[in-house]
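Observations on the three-dimensional arrangement
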Amino acid sequence: MKTRRWIFSAVMRLLLRCLRIGQRHRFWPTRKVWQLWLYGRLCVRSLLYNSFIDSDTALDALFEPVYWLVDHITRWFGVVFVALVIILTSSVVCIVYVCLLPLILRTYPLPLVFWHFIYGHWNLIMIVFHYYMAITTQPGYPPQQSRSDIAAVSICRKCIAPKPARTHHCSICNRCVLKMDHHCPWLNNCVGHFNHRYFFSFCLFMTMGCIYSSISGWDMFWEAYAAIEKMKLLAKERLQVTANQTYGQTPPPTFTFNQRAFHKSVVYAWVLCSSVALALGALMIWHTVLITRGETSIERHINRKEKKRLQKKGKVFRNPYSYGPLGNWKVFLGVERKRHWVTRVLLPSTHPPKGSGLNWDTAAYVPEQKTALLAI
C-alpha cells in the first residue's frame, strides 16, 4: 500500500515538474522582455535622478548636441576665419597702395600727404602686430595638479582639476582658461589673461583704421560710384547703338579695364571698411564698458545674476576685481608709469599683464560701508 502511494506521488511530482518546464519554455520570451524593460527603466531613473535638477539643467541636457556641433564647427573653421581676416585686410591694403596712394601723392598737398603716410602706416603696424600676438599668444592655463600657492575656488567638472578664481572651461579648446573672456573664432584662440590686451587693441586699432579709411575715402567713394553708374549707362547706350549701327557711325567711348578696376576697387574697399567699422566698433565699445567695470564677458552674466539675487535680500553686490574705472584700465593695459601710456599703449609692446592669472588681489572697499556686501 505504501509502495503504491509512493509511486503515485512520484509520478505526480514528475508530471507537475514537466508542466512547469513547459510553461517556462512557453513564456520565456515574454518574461525576458519584461526583465529587460524593468532593468532599462531602473538604469534611466538612476541616470536622470538628481535632487538638484531644475529647468536650466534640463535645457542644458537637451541642447548638449547643439553645443557639441557648434563647438566642433567653430574649432575646425577657426583656420578659415583667420585666413579670411588676412585676405580681406590684405586686399584693402593692396588697393590703398596700388590705387589710392599714387592718386594721393599727385593731388593732395604735402602736409596732408605727410599726415596720411604717418598715421596710416602707424595704424597698419598696430593692427598687424596685435592681431599676430593675439593669435600666437596662449591665453594662459591653470596647472593640472593642485599647488599650495594657488587658491582654487572650485574643481572643474570636465578637467577634474583645481580651478582658480576667474577661470572658466572652454568647450572648444577643451581645457580651462585663466580669466577667460570668450573663444574668438576670428583668432582661432581663446581670449584670456595673457592675450586679452592684444585682442582689445586689435579691435580698437582695426576700428580706428576702418573709420579713418571711410572718412578719408568718402569723396573718392562717391566719385567712383558715380563713375560706375556712368559705365552702366554707357554700356546700355553702346548696346543700343550697336543694334542700330549704320556705316559711318561710331559707338560712344567706353572706360578702359584699368579705370573699371580702379573704381570698383575703391567702392569695395570703402564698403568693406565701413561695414567692419560698424560691426567691430560695436564689439569694441562693449569690451570697453566691460574693461571699465573690471569684468569679462562671462563675469558680466555671472555678476548680473548675483546682483539680482542679492537685491532680493536687500544687499549690494560689488565686483571684487574692480579697482575703479582708471585703475581697471591701468591693470588691463599694464600701465605703471606715465610714460607707459606711450610705450605700452600707443606703440607695439610685448609686456606681460599684471599678475600670473592664478591669484587675484581683491579691491579694497570702504570699511564703513553700511550695506551688506557680498561678492563672488
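Nothing here was measured: the structure is a model prediction, and the numbers come from that model.

1. Looking at the overall build of the protein
In terms of regular secondary structure, the protein is built from 11 helices and eight strands. Once local pairs closer than 6 in sequence are excluded, the contacts in the protein between residues at least 24 apart make up 68%. Summed over its atoms, the accessible surface of the protein is roughly 25,700 Å², and 66% of this surface lies on carbon and sulfur atoms.

2. Quick notes on the side chain of N195
Relative to the elements of secondary structure, N195 occurs in the loop between β6 (189-191) and α6 (196-216). Accessibility expressed as a relative area gives 0% for N195, which makes it buried.

3. Focus on the confidence of the model for the protein
A low pLDDT score tells you not to read the predicted coordinates there in detail. Looking at the protein as a whole, its pLDDT mean stands at 82, while 76% of the residues score no less than 70. Ranking the elements of the protein by mean pLDDT puts strand β8 (residues 373-374) last, at 35, and α6 first, at 96. Note on residues 366-376: pLDDT under 50 across the span, and 23 contacts to partners over four residues away in sequence or across chains.

4. Some points on the pattern of salt bridges
Applying the stated criterion to the full structure yields three salt bridges. A salt bridge links R166 to E299; the nearest nitrogen and oxygen atoms lie 2.7 Å apart. Of this pair, R166 sits in the loop between β2 (162-164) and β3 (168-170) while E299 sits in helix α9 (residues 297-312); the two residues are 133 residues apart in sequence, bridging distant segments of the chain. Considered together, R166 and E299 belong to a single accessibility category, that of buried residues. Between K232 and E229 there is a salt bridge, with its nearest N and O atoms 3.9 Å apart. Here K232 and its partner E229 are both found in helix α7 (residues 218-243), three residues apart, which amounts to about one turn of the helix.

5. Looking at the state of the cysteines
The full count for this structure, using the stated rule, is zero disulfides. In this structure C173 is not part of a disulfide, and its nearest cysteine sulfur, from C190, lies 3.5 Å away. Here C210 is not disulfide-linked; the sulfur of C273 is the nearest cysteine sulfur, at 4.8 Å.

Each value, and the rule that gives it
- Residues numbered from 1 in each chain as written.
- Predicted model: local features only at pLDDT ≥ 70, side-chain atom pairs only at ≥ 80, totals over all residues.
- Heavy atoms only, no water.
- Helix = DSSP H or I, 4+ residues; strand = E, 2+ residues; numbered from the N terminus.
- Contact = heavy atoms within 4.5 Å.
- Areas by Shrake-Rupley, 256 points an atom, 1.4 Å probe, with all protein chains shown as cover.
- Buried < 20%, exposed > 50% of the residue type's maximum accessible area, 1.4 Å probe, protein only.
- pLDDT = per-residue confidence, 0-100.
- Salt bridge = Lys/Arg side-chain N within 4 Å of Asp/Glu carboxyl O.
- Disulfide = S-S within 2.5 Å.

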